[in-house]
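# Working through the structure, step by step
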Number of protein chains: 4
Amino acid sequence: MIIVCKNSAGTKRIEELTNRFEAQGFRTHCSQGTQSTIIGLIGDTSKIDVEDVQALPIVEKVQRVSEPFKLVNRKFHAEDTIVDVNGVKIGGGSFGVIAGPCSVESEEQIVSCARAIKAAGGTFLRGGAFKPRTSPYAFRGLKAKGLDLLLTAKKETGLPIVTELMSLDHLDLFNDVDVIQIGARNMQNFEMLDEIGKCNKPILLKRGLANTIEEWLMSAEYIMSGGNENVILCERGIRTFETATRNTLDIAAVPVLKAMTHLPIVVDPSHATGKSALVPTLSKTAVVAGADGLMVEVHPNPSEALCDGAQSITPAVFADMMGDIRTLCAFEHKSL
Amino acid sequence: MIIVCKNSAGTKRIEELTNRFEAQGFRTHCSQGTQSTIIGLIGDTSKIDVEDVQALPIVEKVQRVSEPFKLVNRKFHAEDTIVDVNGVKIGGGSFGVIAGPCSVESEEQIVSCARAIKAAGGTFLRGGAFKPRTSPYAFRGLKAKGLDLLLTAKKETGLPIVTELMSLDHLDLFNDVDVIQIGARNMQNFEMLDEIGKCNKPILLKRGLANTIEEWLMSAEYIMSGGNENVILCERGIRTFETATRNTLDIAAVPVLKAMTHLPIVVDPSHATGKSALVPTLSKTAVVAGADGLMVEVHPNPSEALCDGAQSITPAVFADMMGDIRTLCAFEHKSL
Amino acid sequence: MIIVCKNSAGTKRIEELTNRFEAQGFRTHCSQGTQSTIIGLIGDTSKIDVEDVQALPIVEKVQRVSEPFKLVNRKFHAEDTIVDVNGVKIGGGSFGVIAGPCSVESEEQIVSCARAIKAAGGTFLRGGAFKPRTSPYAFRGLKAKGLDLLLTAKKETGLPIVTELMSLDHLDLFNDVDVIQIGARNMQNFEMLDEIGKCNKPILLKRGLANTIEEWLMSAEYIMSGGNENVILCERGIRTFETATRNTLDIAAVPVLKAMTHLPIVVDPSHATGKSALVPTLSKTAVVAGADGLMVEVHPNPSEALCDGAQSITPAVFADMMGDIRTLCAFEHKSL
Amino acid sequence: MIIVCKNSAGTKRIEELTNRFEAQGFRTHCSQGTQSTIIGLIGDTSKIDVEDVQALPIVEKVQRVSEPFKLVNRKFHAEDTIVDVNGVKIGGGSFGVIAGPCSVESEEQIVSCARAIKAAGGTFLRGGAFKPRTSPYAFRGLKAKGLDLLLTAKKETGLPIVTELMSLDHLDLFNDVDVIQIGARNMQNFEMLDEIGKCNKPILLKRGLANTIEEWLMSAEYIMSGGNENVILCERGIRTFETATRNTLDIAAVPVLKAMTHLPIVVDPSHATGKSALVPTLSKTAVVAGADGLMVEVHPNPSEALCDGAQSITPAVFADMMGDIRTLCAFEHKSL
């Protein structure tokens, strides 16, 4: 880590700072310039928060040399991580397609949806049992009953289940869930990250609405540092000034992440845009961007859906779209 | 709620939509234009998520007429809410000053800090026992031990305690805490909002890093709908492209909120900027913007602080700043 | 346009408002609700600025029913606009590849670069003669001399020239330029838009750093309303909080624009990311997103480039990338 | 400037880079680390664009040590710049109040408005003659005729005139204008900045919608490097995801700028929020934030204004507000 100190900072205060760092076990190297003094900090700086140092009165600027994340870092783990869910793989050349309704509504709905997804070549079934809603008055999902219906659909189709965990108090209900989703609003719920780091289920970690790629990787680092190495990252759009789409899909995040981490990355065009008409097109961009999978909302009858209905595509549109996805996966040498 | 349907939407599908809403208990009023059909939706639309409707294939645009929040809405509760914490008030003409270190580090640190704050005219003691940190390797606070030290400082000074809750599992440890802080990263942790809505302690709800004022009020609505009417809103800066400050303090949010809600609003210039040098100046802007209080980081020795050290001001700077705050509170007819 | 008036607005002031609009030639239709009065405004509202109405003290919310743009609107011009530059087409099934260095540096550089681009299948030569630079001390381009060198390269290769206009005072120097580029920082330089609307050259209009899609289309409307129908839109990334890339490529803007306008859209992954390593991958996403072309920086020796050097790819990388682009264009039924 | 090179970068390419910089007249200092090589660049780095270096394939990160701006930098010019407009001062303890309508509409309107502003204690008259409008169909101002009316109002009241320049072609019409305003959309119109840097009139430089404080200062540097030292900075809100206000007033920018530059700073709460109701409150925050002045829209009959009408306050509200501004200026030891 490189720390640029202000002209005004006297040698005494700079010495105090270097002593403080050395007391923490770092080696320091000062170079006195005409305009400022530069401190090089050598050692494991991953536990230092840049903003803390930046905030020091004598500090002008701070620059990390090595990334603050280790376990998720491709530098220390070159080969792609492959998440294997009872034989269904995501990562390292295997492309996964997670599809299903925003909310589980009924057995008929989820089972028919699962069958259609399976038939079209989807590899995972998603569905919300516990739903995060901005309003306390909105539908919050069927909860435990919803989980049961997902498992029924799994029994019918064999598709592994992906569903969101909203509270650690529900964790025991998730025993038969195959992949636990951590939603965008919980990406920095650090207590939750600690706990799921201790369970041995694959985790799908969505990017927060306004979190940087580095913060996102730090949240994945929380999970891995707990011992759970099966983390899938999910880009779902970030919040910007643009209102034509619900969020702005950060497609560049896919190749950027591929260089930074060995973890698989899936893209969710449904939440990224909030518009079903854009889902097939953006799904294609995800494949050629190098993503390891997709997460799309599919509903047998979107306009009747209880929530997020119309960012869902129909099974017919999904089946049609899967044709293109298969062609592009072949082009990218990915198996689907 | 006004729903503008696309030209392309045939009368049949519009009828389906109106029927669907009427089945949910709304009255509808259609007006057929040359370019589009406009549906007026009459009834309690607070449980409808605008984005869900916006996402419907036949819908072009949606516009709320009445706000989706009720209990926090000043329209239905004209007079200011005054949160009274064992006689110390925030709101309705009473200005509160919440001060203290980012993290509780030792009895000596927190007690001396509390004494200095009390002496300078601060009215609440803040201090982190459970700390949210971006990195799993960073200091996470003294936890339960930190809460004990806060209570010691309270015994010594009589200052009510404000500290952050990071997990519902810790709730029983918070029995003697006076005000529970919900951090920016948990502003939309809906399960947590539900639970604290059932407890009868004042809640300080920080604004999320990238949440709109309306989303923030909806989170306050969660707490109030649980039965807890003692909610204090805390503006702490939003995330933007600007990097000169850690976040961008949305000072306009204060007068905007004053018109929308009866709840008290405090401003946290320490987290908003991440720079101690800016804290006294921005604290002054909060008072004249109409805020009901401040939340500032004060540390006896900022440069030795374990976290966020240097966004903290010293007790001397705090005492000095309080002189200006008192003068401006008088100017604004607020008692401090 | 739908105008929702506040409860507080008395009938008298609402009448004043409707009279005011009717005086401007609009028809109005009021519907009195319990909570508010809603005014429907019928007529050509394109000359009304929503923000002006929104700002009226008695107005709560405003909602456009019809878009404020006409000439660029696909609703009134269903078929794709094809921009034909001496036989080289962009739009309507023709894919254009605009490539070249950020800055023209020497005859040797631009000619060799143009030859390599031609050989690899590029269809336009780009190069900066007048360069916008954040710093007054940075290299600003070869100016008139740079334009001459571009024309030399055109003579050598036959590739049409695309280069940026930074001041109307330079317009007469652009007589032999084939496509005039309006940079992101001039997207709302309305006097410039007026003038180039009167010339009969194709215009490449870059999106502003923080402009919405609607604002961008309004700037294109400026050019078309001047009589110039040959406008090409260029998505080059928007400014967000994310710092991993220079800007955030808004890939969803491509399909969104395809539905809103008949104008061709090209994508510039070089400026969008500021990282050459990402250019080939993001170029692929542009094709499958439905773009009509690409604008990429190619430099024979990026690390020696005088400006933006290293967001440029080498001719070898460009040639390699063009193989993928051709395959994906075929997949999208586009001719290149 | 500190350049952190990638592990992968071999010594040969690092040598090439250092040679390249030394050829440009810089001294370099390399320190070889285990993980990376760090190059220290000594010399006048103001003409180097950080993003260019950042983009180099072998470069991991770049950090400026000294700011890229010199003439506007407080480090090299400690005392406040005072802009004196025929005896009316802004900066260095003198607080200026620039007020007037968004657009000049008629002699009666501008003269009556000017008289009211003068009577209430305003020190400058503002009014738009040439208006930037998002839509080509919206009212664009009275242009030359508007300038004449402003001069009439100046003759009547003695108030110096502040009005926006939208094109260099109009410059000769501005001979009798006292302060030339450069609008947000032209903040990075570098050709315009070059030209006005050569004229000897005070310039009011508005911040761009999405420009950083550093970019803003670089634009001021353009003007000063042309020889014009009379630059006034105007914070007018930045674009964020929040929609409750038109823009987000970055109040922290005021104290941040005070530390970075000696130039005076004024705040425009009218454009920052787009809501007249917020103008008096935010004007107060500007004074205590340390601003050197205000720019507010005042209109005799806002609801009849042709543009931005209702973000304007009435002369009565302005007069009332000026009472508070005077009190707070006294508190801040500023003369008004």
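Right above here is the structure, for reference.
This one's a predicted model, so the numbers in the text were calculated from it and none came from an experiment. (Residues numbered from 1 in each chain as written. Chains lettered and ligands numbered in written order. Predicted model: local features only at pLDDT ≥ 70, side-chain atom pairs only at ≥ 80, totals over all residues. Heavy atoms only, no water.)

Our next topic: the interface of chain C and chain D. One widely used convention gives an interface's size as the accessible area the parts lose upon coming together. Facing 51 residues of chain C, the contacting portion of chain D comprises 51 residues. By the criterion of area lost to chain D, the three top residues of chain C are C:T134, C:Y137 and C:E191, representing 15% of everything that side buries. On inspection of chain C and its partner chain D, the count reaches four salt bridges. Between D:R239 and C:E215 there is a salt bridge, and its shortest N-O distance comes to 2.7 Å. Joining chain C to chain D, the criterion identifies 12 residue pairs in polar contact (both at pLDDT 80 or more). Taken together, the elements giving at least two residues each to the side of chain C that touches chain D come down to α2 (50-54), α5 (190-196) and α6 (213-225) of chain C. In terms of residue count, the dominant contributor to the side of chain C that touches chain D is α6(C) (five residues). In terms of residue class, the side of chain C that touches chain D is made up of 19 nonpolar, 14 polar and 18 charged. (Contact = heavy atoms within 4.5 Å. Buried area = accessible area lost by both parts, 1.4 Å probe. Salt bridge = Lys/Arg side-chain N within 4 Å of Asp/Glu carboxyl O. Polar contact = N/O pair within 3.5 Å; in protein donor to acceptor, adjacent residues only side chain to side chain. Helix = DSSP H or I, 4+ residues; strand = E, 2+ residues; numbered from the N terminus. Nonpolar A, V, L, I, M, F, W, Y, C, P; charged D, E, K, R; others polar.)

Per the stated rule, a full pass over the model turns up 71 salt bridges over all chains. A:D250 serves as the salt-bridge partner of A:R207, at 3.0 Å between the closest nitrogen and oxygen. Taken together, the residues A:R207 in the loop between β11 (203-206) and α6 (213-225) and A:D250 in the loop between β12 (231-235) and α7 (253-260) connect sequence positions 43 residues apart. Assessed through its relative accessible area of 1%, A:D250 is described here as buried. C:E235 is the partner of C:R207 in a salt bridge, and the nearest nitrogen-oxygen pair spans 2.9 Å. You can see C:R207 sitting in the loop between β11 (203-206) and α6 and its partner C:E235 sitting in strand β12 (residues 231-235), a full 28 residues away along the chain. Residues C:R207 and C:E235 agree in their burial class; the two are buried. (Buried < 20%, exposed > 50% of the residue type's maximum accessible area, 1.4 Å probe, protein only.)

Our focus in this paragraph is the interface of chain C and chain B. Counting residues at the interface gives 18 residues for chain C, matched by 18 residues for chain B. Taken together, the links from chain C to chain B amount to two salt bridges. A salt bridge links B:E60 to C:K75; its shortest N-O distance comes to 3.4 Å. Put simply, chain C and chain B have four residue pairs in polar contact (both at pLDDT 80 or more) between them. Only β1 (2-5) and β4 (59-63) of chain C provide two or more residues apiece to the side of chain C that touches chain B. Here the side of chain C that touches chain B takes four residues from β4(C), the largest share from any one element. The residue inventory of the side of chain C that touches chain B, partitioned by class, reads seven nonpolar, five polar and six charged.

Structural measurements only, silent on function.
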